[in-house]
Every structure is written in structure tokens, then in C-alpha cells.
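Descriptive structure summary
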Amino acid sequence: MNVKKLEFNKLITSELELRQLLGEPSKLAENKVIRKLDKYSKTLIKHSPFCVISTSNQNGTCDASPRGDGAGFVHIADDHHIIIPERPGNKRVDSVYNILSNPYIGIIFIIPGMEETLRVNGKAFITRDEAWLEKLTAQNKVPNLAIVVEVQEVFMHCAKAFKRSNLWNTSSWPNRETLPTMAEILKDHLKQEDLTIESINESLDESYAKRLY
């Protein structure tokens, strides 16, 4: 596939250029990173029903994946380790594949209504250890796998992104009827003549009803 190459000028190509443009971080921003989970970060993780994990493979190709469940679904093993259950999905397991070749991971924890977020960076590995998987049971289902993260950095992220986006203000939300549905998008992307909007919706509904756990 030939992709038209766009022209971009005035590229930033060095750290010096970047700092000359943006300046240096404040002492507050520079020194906010801690190296283990403290009582505050543990509290936020316990109240978070949703996080996004970022991974990349050995070639540097990146992936960001949403993870969600009941608040506290990410298990805190100790001050230096958290465990994320691998719930049933579409079996692409992009994040897991990435971790097998490149263990570094970044996580952002989100709590509904809270504009500040918690960020955790570290090294990950995949476990099938039943003793730990049992702790991640939900709806009487034990996950087959889990992602264990050895925590290396923990820090708070300020509320600017949420304030700019007005994310938690429901009056700013778009009318859902003006947006395409998942089924419409999949039909267009897959380009399979035998697929209909109705059949895709039926498949999605069945998956949501029977294969969440």
C-alpha cells in the first residue's frame, strides 16, 4: 500500500532543542517519582476500576490496552509488585506478546470523577501460578494468566488533561447517536460480504453476555 508522505518542517531532533523550547521541569515535577508503592498509591489502585497499560515489542512497536473490572481488580502483592488479571478478550493478547520480548511496561490508573491519575512504570512478566491467580478471581472465574509488574517508578499525574478535555462533565459528552457503532466500524474494516451489521451485533452481544470472564 502506497501512503502519501506528508511534509513536516522544523522537527525537534535533540534534547537540547526540546529544552530550549519548553524549558526545564519544576522541582516538584522533577522530584515527584517514588520507587515503591506507598499508602497513597495503594489506596488509588484499590479504588481504580480502569487502567491503560502500555507495552512495546523488541522492535519498539507500541501498544496501549485498556483494562477494567471492579474497583481494586489489580492486586497489590507488596510494595514492589502488582498483578493484573488477563481476562478473556479477542485472543490477540498483544500486550502479553509484547511483554514476552520486552518486559518494560507503563500503566495509568484512572478513578471515575477524579481528574488526577496515578502512573506506574516497571518491568513485567507473565505468570500461571495458581496461588496468585486465585486472588484475581471474579464472577467465580479464575484467569488463565496474569501480568506481574515489578514496580520501578510511581508518580501522580496532574489534572490538566482531564480539565482540558472536560472528561467527567457529562454535559460535554457527544450524542452517542451521532457516532458510528462498533458493528458499523467492524463491517467497514473487515470488508467481508457475508457479515452484516445485525450478525456483528449478535456476536458482540453474545461475547459481552457470556465471555466477560
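To start, this report covers the structure provided alongside it.

Conventions adopted
- Residues numbered from 1 in each chain as written.
- Predicted model: local features only at pLDDT ≥ 70, side-chain atom pairs only at ≥ 80, totals over all residues.
- Heavy atoms only, no water.
- Phe/Tyr/Trp six-rings, centres within 6.5 Å; stacked < 30°, edge-to-face > 60°.
- Buried < 20%, exposed > 50% of the residue type's maximum accessible area, 1.4 Å probe, protein only.
- Helix = DSSP H or I, 4+ residues; strand = E, 2+ residues; numbered from the N terminus.
- Contact = heavy atoms within 4.5 Å.
- Pairing = 2+ DSSP bridges.
- Axes fitted to C-alpha atoms, helices over the stretch in contact; angles between N-to-C directions.
- Patch = residues over 30% accessible without salt bridge, like charges linked within 9 Å, V, L, I, M, F, W, Y side chains within 5 Å.
- Areas by Shrake-Rupley, 256 points an atom, 1.4 Å probe, with all protein chains shown as cover.
- Salt bridge = Lys/Arg side-chain N within 4 Å of Asp/Glu carboxyl O.
- Core = buried A, V, L, I, M, F, W, Y, C linked by side-chain atoms within 4.5 Å.
- Polar contact = N/O pair within 3.5 Å; in protein donor to acceptor, adjacent residues only side chain to side chain.
- Disulfide = S-S within 2.5 Å.
- Parallel < 35°, antiparallel > 145°, perpendicular 65-115°, else oblique.
- Left-handed = near helix turned anticlockwise from the far one by under 90°.
- Nonpolar A, V, L, I, M, F, W, Y, C, P; charged D, E, K, R; others polar.

1. Some points on the packing of aromatic side chains
- Applying the stated criterion to the full structure yields one aromatic pair.
- Relative to Trp-168, the ring of Phe-162 has its centre 5.7 Å away and its plane inclined at 25 degrees; by these criteria the two rings are stacked.
- Overall, the relative accessible area of 11% leaves Phe-162 in the buried class.

2. Some points on the environment of Lys-42
- Its location among the elements puts Lys-42 in helix 3 (residues 39-47).
- Sequence separation of Lys-42 and Ile-99 is 57 residues, and the distance between their C-alpha atoms is 24 Å.
- In this structure, Lys-42 is in contact with Leu-37, Ile-76 and Asp-79, ignoring residues within four places of it in sequence.

3. Topic: the sheet that holds strand 2 (residues 62-68)
- A sheet is described by the order of its strands in space; here seven strands give the open sequence 2-1-5-6-7-4-3, paired in antiparallel fashion. Only two strands of the sheet have a single neighbouring strand rather than two, namely strand 2 and strand 3 (75-78). The sheet shows a mean angle of 30 degrees between the axes of neighbouring strands, taken without regard to direction.
- Alignment of strand 1 (residues 50-56) against strand 2, held across seven bridges, turns out to be antiparallel. Among the inter-strand pairings, Ser-54 is bridged to a residue of strand 2, identified as Ala-64.

4. A word on a nonpolar patch on the surface
- Taken together, the side chains of Ile-12, Leu-18, Leu-21 and Leu-22 define a hydrophobic patch exposed on the protein surface, amounting to about 410 Å² of accessible area.
- Position of Leu-18 among the secondary structure elements: in helix 1 (residues 15-22).

5. Brief notes about the nonpolar core
- One finds Ile-82, Ile-107 and Phe-109 to be the most contacted residues of the largest nonpolar core, which totals 22 residues.
- Looking at this core, the elements with two or more residues in it are helix 3, strand 1, strand 4 (81-86), strand 5 (104-110), strand 6 (117-127) and strand 7 (145-157).
- Per element, the largest residue contribution to this core is four residues, and it comes from strand 7.
- With near-sequence residues (within four places) excluded, Ile-82 lies in contact with Leu-37, Ile-45, Val-74, His-75, Ile-76, Ala-77, Ile-107, Phe-109, Val-120, Ile-147, Val-148 and Val-149.
- Counting five residues, the second-largest nonpolar core is a separate cluster that includes Ile-83, Leu-133, Leu-136 and Ala-146.

6. Section: unusual backbone geometry
- Positive phi, close to 65 degrees, is recorded for Asn-140, a residue that is not glycine.
- Within the secondary structure, Asn-140 sits in the loop between helix 5 (130-133) and strand 7.
- Take Asn-140: its relative accessible area is 76%, and that puts it in the exposed class.
- With phi around 55 degrees, Lys-191 is a residue other than glycine that occupies positive phi space.
- Position of Lys-191 relative to the elements: it lies in the loop between helix 7 (182-190) and helix 8 (197-210).
- A relative accessible area of 62% means that Lys-191 is categorised as exposed.

7. Topic: the side chain of Asn-57
- Inspection of the secondary structure puts Asn-57 in the loop between strand 1 and strand 2.
- Engagement of the side chain of Asn-57 in a polar contact is seen with the backbone nitrogen of Thr-61, the distance being 3.0 Å.

8. A few points about the state of the cysteines
- Under the defined criterion, the tally for this structure stands at zero disulfides.
- Note on Cys-51: no disulfide assigned, nearest cysteine sulfur contributed by Cys-62 at a separation of 17 Å.
- Unpaired in this structure, Cys-158 has its nearest cysteine sulfur neighbour in Cys-51, at a distance of 20 Å.

9. Thoughts on the packing of helix 7 against helix 8
- The contact between helix 7 and helix 8 brings their axes to 9 Å, and the two run at 120 degrees. With respect to each other, helix 7 and helix 8 are oriented oblique. Handedness of the helix 7/helix 8 crossing: right-handed. Of helix 8, the residues touching helix 7 (which contributes Met-182, Ala-183, Glu-184, Leu-186 and Lys-187) are Ile-197, Ile-200, Asn-201 and Leu-204.
- Looking at the contact of helix 7 with helix 8 residue by residue, the class counts come to six nonpolar, one polar and two charged.

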